[in-house]
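Next come the chains, spelled out residue by residue.
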Amino acid sequence: MVKFFGKATGKVDDKGRVVLPAIFRDALTRGGSEDMTLVVKKNVQQRCLDLFAYDEWVRRSDKVLEGIDPELNTEDADFWTKYNDGVFTLVPDTKLGRLNIPSSLLEQAGITKEVVFGGVNYKLQIWAPESREADLLSDEEFKNTASRLSAKK
């Protein structure tokens, strides 16, 4: 199973490609990913992109699908269609590990010239630096949330 940890920065080149940092390419290899097929999509809750190893995407989307019935429930069907809208498979080029992320996704995430990759265990998040800074919890909010979560134990 692929696990992503850490943070790295990168740039968007003139053709809209982003180099997948070596620490995350290595995570794919260490995690036993047979190939380098990745899935990218707009994050549901934050202004960033989610990047999954293909197998993890299948596990996660199957889990979401278990809780809904898009064949018989109109609201579920609308959700499922929107959830899968803008999901793309990517394969980094073998030379540099460049990802050709669709421009529509980059625009939705506000990414122009620079990106920040953040490993959050089962996926990578790809942010515009200013969006990441604005959207993440402040140190005080993080401390309060940590206290609240630890009280649940």
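Let me begin by describing the structure that accompanies this report. Nothing here was measured: the structure is a model prediction, and the numbers come from that model.

All right, on to the overall build of the protein then. When you go through the protein residue by residue, the secondary structure sums to 6 helices and 8 strands. If you list the helices and strands of the protein from N to C, you get β-β-α-β-β-α-α-β-β-α-β-β-α-α. A compact globule built from 153 residues should have a C-alpha radius of gyration of about 15 Å, and the protein, at 17 Å, falls within 12% of that. Considered along the principal axes of its C-alpha atoms, the protein spans approximately 45 × 40 × 30 Å. Of all 153 residues assigned to the protein, the portion counted as buried reaches 35%. Long-range contacts, defined here as pairs at least 24 residues apart, represent 60% of the contacts in the protein between residues at least 6 apart. Looking at the protein as shown, the accessible area adds up to about 9700 Å², and 50% of this sits on carbon and sulfur atoms.

Leu20, Leu49, Leu51, Ile101, Ile111, Phe117 and Ile126 are the most contacted members of the largest nonpolar core, which has 26 residues in total. Sequence-distant contacts of Ile111, that is, excluding residues within four places in its chain, are made with Val12, Leu49, Leu106, Ile126, Trp127 and Ala128. Val39, Trp57, Trp80 and Tyr83 belong to the second-largest nonpolar core, a separate cluster that totals 5 residues.

Three or more residues of helix α3 (residues 74–84) are buried, namely Asp76, Trp80 and Tyr83. Here the buried residues of α3 occupy an arc of 65° about the axis, which is enough to place them on one side. Pointing more than 90 degrees away from the buried face of α3 are the exposed residues Thr74, Glu75, Asp78, Thr81 and Lys82. Turning to α3, the residues buried within the fold contact β3 (38–42) and α2 (54–66).

Positive phi outside glycine occurs at Asn121, with the angle close to 75°. Counting through the fold element by element, Asn121 comes out in strand β7 (residues 114–121).

Conventions and cut-offs
- Residues numbered from 1 in each chain as written.
- Predicted model: local features only at pLDDT ≥ 70, side-chain atom pairs only at ≥ 80, totals over all residues.
- Heavy atoms only, no water.
- Helix = DSSP H or I, 4+ residues; strand = E, 2+ residues; numbered from the N terminus.
- Rg over C-alpha atoms; globule rule 2.2 N^0.38 Å.
- Buried < 20%, exposed > 50% of the residue type's maximum accessible area, 1.4 Å probe, protein only.
- Contact = heavy atoms within 4.5 Å.
- Areas by Shrake-Rupley, 256 points an atom, 1.4 Å probe, with all protein chains shown as cover.
- Core = buried A, V, L, I, M, F, W, Y, C linked by side-chain atoms within 4.5 Å.
- Arc of directions from axis to C-beta.

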